[in-house]
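# An overview of the molecular structure
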Amino acid sequence: MLIIKNLTKRFKKSIAVDNISFVLKKGNIVGLLGPNGAGKSTTIKTIAGLLRANEGTIEIDGISNKSLKAKRLFSYIPELPELYDMLTVKEHLQFIAYAYDVKDWETKAQILFERYDLIDKQDKLANELSKGMKQKVSICCGLLPNPDLYLFDEPMIGLDPKAIRETKLIFQELKQQGKTVFISTHLLDTIENLCDRVLVMKTGNIIADGTVEELKTKLGEESSTSLEEIFLEVTKDE
Ligand SMILES: Nc1ncnc2c1ncn2[C@@H]1O[C@H](COP(=O)(O)OP(=O)(O)O)[C@@H](O)[C@H]1O
Ligand SMILES: [Mg+2]
């Protein structure tokens, strides 16, 4: 579904993403883990076409991520929700529905509002919402067009426990529908039992790649080792 080859992204002289390559298979939930500043958001923004790669290629379902056609194949849900202050919650979904030609959008929007406790917020303007509510609206906007690939950057930040549970359920439902879900996070417990595979990033490089079980075996740890312990082990400074 997604093929990244030799991707490098520099900001002036500093390298944020340093020649990384990986492939995401259809129907997989893949976690992109790493400490702050590892290059997770830069990687995701470059895939989404919001940053220009210095080197490397990105293909989404066989087409370059730069083409307009590729942009219809994924949703990018940013770390910080970007909403329009003067649109209501419902109008955001309407806007997305028109842009992506979503059929029967009102029914679909109501189902999402129900799941995210936004039914009584749908006529509120975005600038009247709390940070967590904005994040929920941003997630709903990403889910509405029902694309094949989802790029979530730190989706759980700011969400309440119910919304976190709902989001995890949605990730599993997307997987069952054969969709591909890529989730960056530095919060390990939220994805430990969710991801088919984990990529660990540190200072722009992918330093580990595999299932949680594989990473445990590689480190020769007991199977009782938590993802957090693995994470601290692989990302520790020598
Ligand atoms: N717009 C930018 N301009 C300059 N440096 C940036 C910019 N965005 C990110 N960086 C740098 O790139 C590195 C990776 O950042 P980022 O991808 O946001 O990491 P993460 O999402 O893993 O926390 C950091 O060193 C950060 O300071
Ligand atoms: Mg980030």
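Structure report, in brief. (Residues numbered from 1 in each chain as written. Chains lettered and ligands numbered in written order. Predicted model: local features only at pLDDT ≥ 70, side-chain atom pairs only at ≥ 80, totals over all residues.)

## Notes on the overall build of the chain
For the chain, the count of helices and strands is 8 helices and 10 strands. A total of 238 residues make up the chain; the buried ones form 36% of that total. (Helix = DSSP H or I, 4+ residues; strand = E, 2+ residues; numbered from the N terminus. Buried ≥ 20, exposed ≤ 12 C-beta atoms within 10 Å, placed from the backbone.)

## A look at the site of ligand 1
For ligand 1, the full set of nearby residues is Phe11, Ala16, Gly34, Asn36, Gly37, Ala38, Gly39, Lys40, Ser41 and Thr42. In terms of residue count, helix α1 (residues 40–47) provides more of the shell around ligand 1 than any other element does, 3 residues in total. Counted by class, the shell around ligand 1 contains 3 nonpolar, 6 polar and 1 charged residues. (Near = placed C-beta within 6 Å. Nonpolar A, V, L, I, M, F, W, Y, C, P; charged D, E, K, R; others polar.)

## Overview of the sheet that holds strand β3 (residues 29–33)
Overall, mixed pairing links the 6 strands, which are arranged β6-β7-β8-β3-β9-β10 in an open sheet. Either end of the sheet is taken by a strand with one partner, and the two such strands are β6 (74–77) and β10 (205–210). When strand polarity is set aside, the average angle formed by the axes of neighbouring strands in this sheet is 15°. Pairing geometry for strand β9 (residues 197–202) and β10, over 5 bridges, is antiparallel. Pairing of valine 198 across the sheet is with glycine 210, part of β10. Of the strands in this sheet, β3, β7 (149–153) and β8 (180–185) are in contact with helix α6 (residues 161–176), which crosses β8 at around 150°. (Pairing = 2+ DSSP bridges. Axes fitted to C-alpha atoms, helices over the stretch in contact; angles between N-to-C directions. Contact = placed C-beta atoms within 7 Å.)

## Some words on helix α3 (residues 89–100)
A rise of 1.5 Å per residue sets the reference length of α3, with its 12 residues, at 16 Å; its end C-alpha atoms lie 17 Å apart and thus fit the reference within 8%. Buried-residue contacts for α3 involve α4 (105–115) and α5 (131–143). Just past α3, the residue aspartate 101 takes up positive phi, approximately 60°. (Expected span 1.5 Å × (residues − 1).)

## Notes on the nonpolar core
Generally speaking, soluble globular proteins have nonpolar side chains that are buried together. Core analysis: the biggest nonpolar cluster contains 57 residues, and Cys140, Tyr150, Leu151, Phe182, Leu199 and Val200 have the highest contact counts within it. With 6 residues, α5 is the single largest residue contributor to this core. The contact partners of phenylalanine 182, leaving out residues within four places of it in the chain, are Leu24, Val30, Leu32, Tyr150, Leu151 and Phe152. (Core = buried A, V, L, I, M, F, W, Y, C linked by C-beta atoms within 7 Å.)

## Describing the pairing of β9
Here is the key point about a regular strand: its side chains alternate between the two faces of the sheet. As defined by bridge partners, β3 adjoins β9 across 4 bridges and the pair is classed as parallel. Bridged to valine 30 within β9 is arginine 197. Between β9 and the antiparallel strand that follows it, β10, lie 2 residues; threonine 203 among them carries a positive phi value of about 35°.

## Regarding the pairing of β7
The buried fraction of β7 amounts to 5 of the 5 residues, a majority that puts the element mostly inside the structure. Because side chains alternate across β7, one face comprises the buried residues Leu149, Leu151 and Asp153, and the other comprises Tyr150 and Phe152, equally buried. Pairing geometry for β6 and β7, over 4 bridges, is parallel. Bridge pairing in β7 places serine 75 opposite tyrosine 150. Pairing analysis gives 5 bridges linking β7 to β8, with the strands arranged parallel. The residue of β8 that forms the bridge with tyrosine 150 is valine 181. For the crossover that starts at β7, traverses α6 and ends in the parallel β8, the hand is right-handed. (Right-handed = clockwise from strand over helix to strand, strands pointing away.)

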